[in-house]
Amino acid sequence: MKRMLSLQPLSREHRDILSFCWNIKQGIKNKTESTRLINYAKWFWDNQLKNHFEIEEKLLFPLLSQDNILISQSLLEHNAISNMFENISADKIVELQSKLYEHIRFEERTLYNEIQNSLKDEQLNKVGNLISSKNTKCPLWIDKFWEV
């Protein structure tokens, strides 16, 4: 489904998050030292993902009914993923990468389509302006361990 202009900034961030997942997967494949992977994960959480989750939870999700099962699922997954990032360890990095990947796929393929189909254009445009004002560009990570 073509993503509406108002949701495109978040969809672009989803692409960045999927790149993060790919980078971690490549790092594991390349047998990258776990501290490098953990440092990258902590940096990504602090510099992009935490803000992304907050924007969704405060600006986007309230537009649908709070008893919406897709919103409930996404909030539960946000909570679980947040806890995983806050307590990241070498033995949990694969699980974190997998859960985050599946979560982003769910939001892009299911939740965002539901949002687009359920809301009026004026609601989406209004929230799109708010999203754009809160959206920040993530700085680059220098240690490109996935390129080895």
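Residues numbered from 1 in each chain as written. Predicted model: local features only at pLDDT ≥ 70, side-chain atom pairs only at ≥ 80, totals over all residues. Heavy atoms only, no water.

S.K.: So, the nonpolar core: which residues are in play, and what are the values?
M.R.: In terms of nonpolar packing, the biggest core is built from 25 residues, with Phe20, Tyr40, Leu49, Phe85, Leu96 and Leu100 touching the most fellow members. Elements that contribute at least two residues to this core include exactly helix 1 (8–29), helix 2 (34–60), helix 3 (69–86) and helix 4 (93–118). Ranked by residues supplied to this core, first place goes to helix 2 with 9 residues. When near neighbours in sequence (up to four residues on either side) are disregarded, Leu100 contacts Ile17, Phe20, Cys21, Leu49, Phe53, Ile81 and Phe85. (Core = buried A, V, L, I, M, F, W, Y, C linked by side-chain atoms within 4.5 Å. Buried < 20%, exposed > 50% of the residue type's maximum accessible area, 1.4 Å probe, protein only. Helix = DSSP H or I, 4+ residues; strand = E, 2+ residues; numbered from the N terminus. Contact = heavy atoms within 4.5 Å.)

S.K.: Can you tell me about the environment of Phe44, naming the residues and giving the values?
M.R.: Its place among the elements puts Phe44 in helix 2. A residue is classified by how much of its surface remains accessible, and Phe44, at 3% relative accessible area, is buried. Taking the C-alpha atoms as reference, Phe44 lies 13 Å from Lys144; in sequence the two are 100 residues apart. Those residues in contact with Phe44 that sit more than four places away from it in its chain are Asp16, Ile17, Phe20 and Leu49.

S.K.: Would you mind going over helix 4 in detail, with residue names and values included?
M.R.: It helps to recall that an α-helix has 3.6 residues per turn; residues three or four apart then point in one direction. Between its first and last C-alpha atoms helix 4 spans 35 Å; for 26 residues at 1.5 Å apiece the expected length is 38 Å, and the two agree. Of all bends in helix 4, the biggest is about 40 degrees, found at Glu107. (Expected span 1.5 Å × (residues − 1). Bend = angle between axes of the 7 residues up to and from the residue.)

S.K.: An account of the packing of aromatic side chains is requested, with residue identities and associated values reported.
M.R.: Overall, the coordinates contain 12 aromatic pairs when judged by the stated rule. In textbook terms, an aromatic cluster arises when at least three aromatic residues are bridged by ring pairs, as seen for Phe20, Tyr40, Trp43, Phe44, Trp45, Phe53, Phe85, Trp141, Phe145 and Trp146. (Phe/Tyr/Trp six-rings, centres within 6.5 Å; stacked < 30°, edge-to-face > 60°.)

S.K.: Kindly report on the confidence of the model for the protein chain, identifying the contributing residues and their values.
M.R.: Predicted confidence across the protein chain gives a mean pLDDT of 91, with 96% of residues reaching 70 or more. Here helix 5 (residues 121–134) stands out as the element of the protein chain with the lowest mean pLDDT, 81, in contrast to helix 3, whose mean of 97 is the highest. (pLDDT = per-residue confidence, 0-100.)

S.K.: Can you lay out helix 3 for me, pointing to particular residues and giving the numbers?
M.R.: Taking 1.5 Å per residue as the helical rise, helix 3 with its 18 residues ought to reach 26 Å, and the 26 Å between its terminal C-alpha atoms agrees with that figure. Of all the residues in helix 3, the buried ones are Leu70, Ile71, Ser74, His78, Ile81, Ser82, Met84 and Phe85. Burial along helix 3 is one-sided: seen end-on, the buried residues are contained in an arc of 155 degrees. For helix 3, exposure combined with an orientation more than 90 degrees from the buried face picks out Ile69, Leu76 and Glu86. Its buried side turned inward, helix 3 meets helix 1, helix 2 and helix 4. Its side-chain oxygen 2.7 Å from the backbone nitrogen of Leu70, Asn68 forms the N-cap of helix 3. (Arc of directions from axis to C-beta. Polar contact = N/O pair within 3.5 Å; in protein donor to acceptor, adjacent residues only side chain to side chain.)

S.K.: An account of unusual backbone geometry is needed here, citing residue identities and associated values.
M.R.: One non-glycine residue with positive phi stands out, namely Lys31, at about 60 degrees. On the accessibility criterion, Lys31 (74% relative accessible area) is exposed.

S.K.: Break down the side chain of His14 for me, with residues and values.
M.R.: Inspection of the secondary structure assignment puts His14 in helix 1. The class of His14 is buried, set by a relative accessible area of 1%. One polar contact links His14 to Glu108, side chain to side chain, over a distance of 2.6 Å. Other than its neighbours up to four places away in sequence, His14 contacts His52, Glu56, Ile104, Glu107, Glu108 and Tyr112.

S.K.: Explain the packing of helix 2 against helix 4 to me, using residue names and the numbers behind them.
M.R.: Between helix 2 and helix 4, the shortest axis-to-axis distance is 14 Å and the interhelical angle comes to 25 degrees. Comparing the axis directions of helix 2 and helix 4 gives the class roughly parallel. Viewed along their axes, helix 2 and helix 4 form a crossing whose handedness is left-handed. Residues Leu37, Ala41, Leu49, His52, Phe53, Glu56 and Leu60 of helix 2 form the contact with helix 4, whose own contacting residues are Ile93, Leu96, Leu100, His103, Glu107, Tyr112 and Ile115. When its residues are assigned to classes, the contact of helix 2 with helix 4 shows 10 nonpolar, 2 polar and 2 charged. (Axes fitted to C-alpha atoms, helices over the stretch in contact; angles between N-to-C directions. Parallel < 35°, antiparallel > 145°, perpendicular 65-115°, else oblique. Left-handed = near helix turned anticlockwise from the far one by under 90°. Nonpolar A, V, L, I, M, F, W, Y, C, P; charged D, E, K, R; others polar.)

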